[in-house]
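# Fold and contact review
One-letter residues, chain by chain:
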Amino acid sequence: MADTLRIYYEITSKFWWINMILALFVVFSGKKKPESTVIWVVVVTILPVVGFIFYLLLGQDYKKSKMFTIKKNQDRFLKTIVGFQEDTIETGEFFKKHEDLKPYEQLLSMNLKSDESFITQDNKIDFFFWGEDKFRSLFKDIENATQKIDIEYYIFKRDDLGFRFLDLLTKKAEEGLSVRLLVDGYGGGDVLRRKDVRKFKKAGGKFSVFFPSALGVEFLNYRLNYRNHRKIAIIDDKIGYVGGFNVGDEYIGLDSKMGNWRDTHIRIEGHGVYGLKIRFLKDWYYASDFDNETFDIDLDMVPTIHHCSPLQIITSGPDTENTNIKNTILKLISLAKEEIIIQTPYFIIDGAIMDALNIAILSGIKVKIMIPCKPDHPFIYWATTSWCGELINAGAEVYVYDNGFLHAKVTLVDGIVSTIGSANMDIRSFSINFEANAVIYDRKVNKKLREQFEKDILDSRLITKEIYRDRSTKIKIKESFSRLLSPLL
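Residues numbered from 1 in each chain as written. Predicted model: local features only at pLDDT ≥ 70, side-chain atom pairs only at ≥ 80, totals over all residues. Heavy atoms only, no water.

### Looking at the overall build of the protein
Per the secondary structure count, the protein includes 18 helices and 18 strands. With 489 residues in all, the protein has 57% of them scored as buried. Taking all contacts inside the protein whose residues are at least 6 apart in sequence as the whole, residues at least 24 apart take part in 80%. Surface summary for the protein: the accessible area is close to 21900 Å², and the carbon and sulfur share equals 56%. (Helix = DSSP H or I, 4+ residues; strand = E, 2+ residues; numbered from the N terminus. Buried < 20%, exposed > 50% of the residue type's maximum accessible area, 1.4 Å probe, protein only. Contact = heavy atoms within 4.5 Å. Areas by Shrake-Rupley, 256 points an atom, 1.4 Å probe, with all protein chains shown as cover.)

### Some remarks on the pairing of strand 15 (residues 417-421)
For strand 15, a buried count of five out of five residues is recorded, marking the element as mostly surrounded by other parts of the structure. Of the two faces of strand 15, the one holding V417, T419 and G421 and the one holding S418 and I420 are both buried throughout. Note that strand 14 (residues 410-413) and strand 15 share four bridges and pair antiparallel. Residue L412 lies in a different strand from strand 15, and its bridge partner there is S418. The hairpin formed by strand 14 and strand 15 contains three residues between the paired strands, and D414 there has a positive phi angle of roughly 55°. (Pairing = 2+ DSSP bridges.)

### Observations regarding the pairing of strand 8 (residues 311-316)
The buried count for strand 8 comes to six of six residues, which makes it a mostly enclosed element. The side-chain alternation of strand 8 yields two buried faces, one formed by L311, I313 and T315 and the other by Q312, I314 and S316.

### Here we look at the packing of aromatic side chains
Overall, the coordinates contain 19 aromatic pairs when judged by the stated rule. Where Y251 meets W261, the ring centres are 4.7 Å apart and the plane angle is 75°; that geometry is what we call edge-to-face. Remark: W261 occurs in strand 7 (residues 261-270) and Y251 occurs in the loop between strand 6 (239-243) and strand 7; sequence separation between them is ten residues. With a relative accessible area of 4%, Y251 lands in the buried category. Where F280 meets W284, the ring centres are 5.9 Å apart and the plane angle is 15°; that geometry is what we call stacked. Within this pair, F280 and its partner W284 are both found in helix 11 (residues 273-287), separated by four residues, close to a single helical turn. Considered together, F280 and W284 belong to a single accessibility category, that of buried residues. Each residue in the set F135, F139, Y153, F156, F165 and F245 is aromatic and connected to the rest through ring pairs, giving one cluster. (Phe/Tyr/Trp six-rings, centres within 6.5 Å; stacked < 30°, edge-to-face > 60°.)

### What about the sheet that holds strand 12 (residues 397-401)?
As summarised here, the arrangement of the eight strands in space is 8-17-15-14-9-11-12-18, forming an open sheet in which the pairing is mixed. At either end of the open sheet lies a strand with only one pairing partner, and these are strand 8 and strand 18 (460-462). Direction aside, neighbouring strands of the sheet carry axes that sit 15° apart on average. Across four bridges, strand 9 (residues 339-343) lies against strand 14 in antiparallel orientation. (Axes fitted to C-alpha atoms, helices over the stretch in contact; angles between N-to-C directions.)

### Some remarks on empty space enclosed by the protein
Rolling a probe over the atoms, with the probe sized like a water molecule, indicates the empty space that remains. Evaluation of the coordinates by the stated rule reveals one cavity of 30 Å³ or more. Reported here for the largest cavity is a volume of approximately 70 Å³. Looking at the largest cavity, the residues that line it are I325, I329, I342, Q343, K409, V410, T411, T419, A423, N424, M425 and N437. When contributions to the lining of the largest cavity are tallied by element, the ones reaching two or more residues are helix 12 (324-335), strand 9 and strand 14. Of the residues that constitute the lining of the largest cavity, the class distribution is six nonpolar, five polar and one charged. (1 Å grid on protein atoms, 1.4 Å probe; cavity = no way out; pocket = protein on both sides within 12 Å on 5 of 7 lines; lining within 4 Å. Points joined across faces, edges and corners; volume = space filled by probe spheres on them. Nonpolar A, V, L, I, M, F, W, Y, C, P; charged D, E, K, R; others polar.)

### So, the pattern of salt bridges
Here the structure, examined in full by the defined rule, presents 26 salt bridges. Across the pair K157 and E250 runs a salt bridge, and its minimum N-O distance is 2.2 Å. A residue pair is termed long-range when its members are at least 10 positions apart, and K157 in the loop between strand 2 (148-153) and helix 8 (160-174) and E250 in the loop between strand 6 and strand 7 qualify at 93 residues. Overall, the relative accessible area of 28% leaves K157 in the partly exposed class. (Salt bridge = Lys/Arg side-chain N within 4 Å of Asp/Glu carboxyl O.)

### Quick notes on the packing of helix 7 (residues 131-143) against helix 8
Closest axis-to-axis distance for the helix 7/helix 8 pair is 10 Å, and the angle between their directions is 15°. With respect to each other, helix 7 and helix 8 are oriented roughly parallel. The way helix 7 lies across helix 8 gives a crossing that is left-handed. Taking contact as the criterion, the partners of F135, L138, F139, I142 and E143 in helix 7 are, on helix 8, L161, R164, F165, L168, L169, K171 and K172. Its residues assigned to classes, the contact of helix 7 with helix 8 comprises eight nonpolar, no polar and four charged. (Parallel < 35°, antiparallel > 145°, perpendicular 65-115°, else oblique. Left-handed = near helix turned anticlockwise from the far one by under 90°.)

### Focus: the side chain of N228
With respect to the helices, strands and loops of the structure, N228 is situated in the loop between strand 4 (206-210) and strand 5 (232-235). In terms of polar contacts, N228 uses its side chain to reach the backbone amide nitrogen of R230, at 3.1 Å. Polar side-chain contacts of N228 include one of 3.4 Å to the side chain of D283. Those residues in contact with N228 that lie beyond four places of it in its chain are E152, Y154, D184, F210, D283 and F434. (Polar contact = N/O pair within 3.5 Å; in protein donor to acceptor, adjacent residues only side chain to side chain.)

### Some remarks on the nonpolar core
Note on soluble globular proteins: their nonpolar side chains tend to be buried together. In this structure, F135, L138, F165, I340 and F347 are the most contacted members of the largest nonpolar core, which totals 97 residues. For L138, the residues in contact, after removing those within four places along its chain, are Y153, F165, A233, I235 and Y241. Counting 39 residues, the second largest nonpolar core, distinct from the first, contains Y226, Y401, V410 and A436. (Core = buried A, V, L, I, M, F, W, Y, C linked by side-chain atoms within 4.5 Å.)

Here's what the structure looks like:
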């Protein structure tokens, strides 16, 4: 090994000027933040040529503001309803029915303007905190579907749950329903094999891969760093699912290493499903070869729901001009009066989020954060504890969940407004991955989130200032190194 490295550096040292040019390319290409650029320059310098290859795979900025489109009639409807809702908010008409949401007027308006995230009010929302409950409900809804099923997941594994899911979709396709399955190129496209989806496609199901790898090899993908992290399911255009659960046995607690899998997912009935459908259609039209799709949402199929839970579906990623989910979380933090609750598997934030949370703590607002007890990605875990440690010293309550792996992605403010979905509290979810979240404006519904957090505390331990201060030197070194890599994680 030592001889191999010596030969490698002897060869590359002769072409140092090439590496200098590559480093300059890193500096002047794209519009990255300075800290990220500096780290990539270091990587390219330390690992001549090889480092640049890593940069091409993981560091390039492939943002395209016009990447995804929808059909003209869908876009026309979207712009009409967004314009109408902007008027009702500006005139105050909206708040005649929702007086308690007046303090969140700016948040509602921001999401309307930045992401065309229209507000729907007639929604029934159910929570799922455990995978078995979520998939039992989802499979039942798919069984009862009569017209169309649209499924989009980041991870779709070749295991018992994955094959049961695929068999069910195949069965519904054989019944004549329109069934579309979209998986990410890294999380699902490189997992599912051609033979796995052959029967599904033969039955009439349509399958597509988002950012597929060349030759089915995951590292032969120049967009490896940009993953479709969304988890969306839509049944008959009247029931929708969004949240943190992927498809695989580990997500129902069957992985002995990870143990119990604690996540948060929601089921929506009502016109809020339309927001999920618009997102699915944009992703599907971009990723699929089915250019002549005619399956549009039928608003007449959406039943009148006698529940009044206002929500907005927000999305972000390389396809959006703004970091919509991050902006929503920042705005929620700034609007908090009493309490901010955050549950996330990864807590790798930037200065804006850190400053906002510090200001909240200094203002007397309780900040409570819950993270997992075990890492599924070591560097990410130690970067997480580093950022949390800073907030512990500032006065935040940080809990480590001990009953398995915590994968929930929840921000809840004052028990009134929450955002739930696929986005972690990290730089990758805010800027690089394609994500989808729901923003729920309902104290009664969000009370369930607050109650679940209290239950989770019983399975957690509080990290006090003293405990964090007395951590080992080894852990301190891990944290420092991992935090340095934060912009790349």
